[in-house]
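# Fold and geometry: a report
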Amino acid sequence: MESIVRVLLLGAAAVLVQGCASMRGGSAEDFTPPDEVAAAAAAAEEPTEIPPRVIDPQVERREVKVARIEAENIEVGVNYGALSIEDFGTNPVYGLTAAYHVTEDVFFQAAYGRSKAGRTSYETLGGDVELLTDAERRFTYYSLSLGYNLLPGEVYIGRSLAMNSALYLLGGLGSTKFAGDQRFTMNFGAGYRILPTDWLAIHIDVQDRVFQSDLLGRDKLTNNISAQLGVTVFF
């Protein structure tokens, strides 16, 4: 009996020892050494190598020339064109202009011009009838106008040449000497400016100079329209 009891106790003890080993970590095959765990952690922390680019763009920077206007604000020039003097036909007119640019959009313009009136239809049909002497036929005007650049931009000639340009409005007051009298005058109109270089400008403008006149027997408001081509320089 003692031998049987010992065998049973030894078998129970063996079963208990195997169960404790399983609860503490399993078999020896499943155990990982600490050195291998540290090596795996260090490998995971190393940065991943960036793969090379599939396309490496090579873009050449082109040189850009920015159009500019001379920094000076004073503009002086001459002009020539045609002036339609009401009742006295259309005649050549020439003059001088000077402008001061307050801002990029606003400027003041002083103008002086001279023309000579022709003959009225009454004088032409009447033969020797002369309403005015040669000195009285001189048409001279002075004006000071406020200008505004309405549509600044560029004009293109061909595929490689671009010039600064602007459409502007003018309006002002002045005086006109005609038929021996000095008359208060209002003027208004519009023009177009082109700059071939940073110091030279070409102008095309149309203006109407309005004043009261009783030269032909009744008092009326006369319109005297001029169209002129001018050249100015910046100082």
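Okay, so let's go over this structure. Note that the coordinates shown come from a computational prediction; the quantities given were computed from them, not determined experimentally.

Definitions and cut-offs
Residues numbered from 1 in each chain as written. Predicted model: local features only at pLDDT ≥ 70, side-chain atom pairs only at ≥ 80, totals over all residues. Heavy atoms only, no water. Buried < 20%, exposed > 50% of the residue type's maximum accessible area, 1.4 Å probe, protein only. Helix = DSSP H or I, 4+ residues; strand = E, 2+ residues; numbered from the N terminus. Pairing = 2+ DSSP bridges. Axes fitted to C-alpha atoms, helices over the stretch in contact; angles between N-to-C directions.

Residue alternation in strand β3 (residues 106–116) divides its side chains into a buried set, Phe107, Gln109, Ala111, Gly113 and Ser115, and an unburied set, Val106, Phe108, Ala110, Tyr112, Arg114 and Lys116. Summarising the sheet, strand β2 (residues 90–101) and β3 pair through nine bridges and their orientation is antiparallel. Bridge pairing in β3 links His101 to Phe107. Taking the residues between adjacent antiparallel strands as the criterion, β2 and β3 are bridged by four residues. Across 11 bridges, β3 lies against strand β4 (residues 138–157) in antiparallel orientation. Paired with Ala111 across the bridge in β4 is Ser143.

Our next topic: the sheet that holds strand β1 (residues 74–84). The strand order around the closed barrel formed by eight strands is β1-β2-β3-β4-β5-β6-β7-β8, and the pairing between neighbours is antiparallel. Across the sheet, the mean angle from the axis of one strand to that of its neighbour is 25°, orientation sign disregarded. In this structure, β1 lies alongside β2, joined through 11 bridges in antiparallel fashion. Within β2, the residue paired with Gly77 across the bridge is Thr97.

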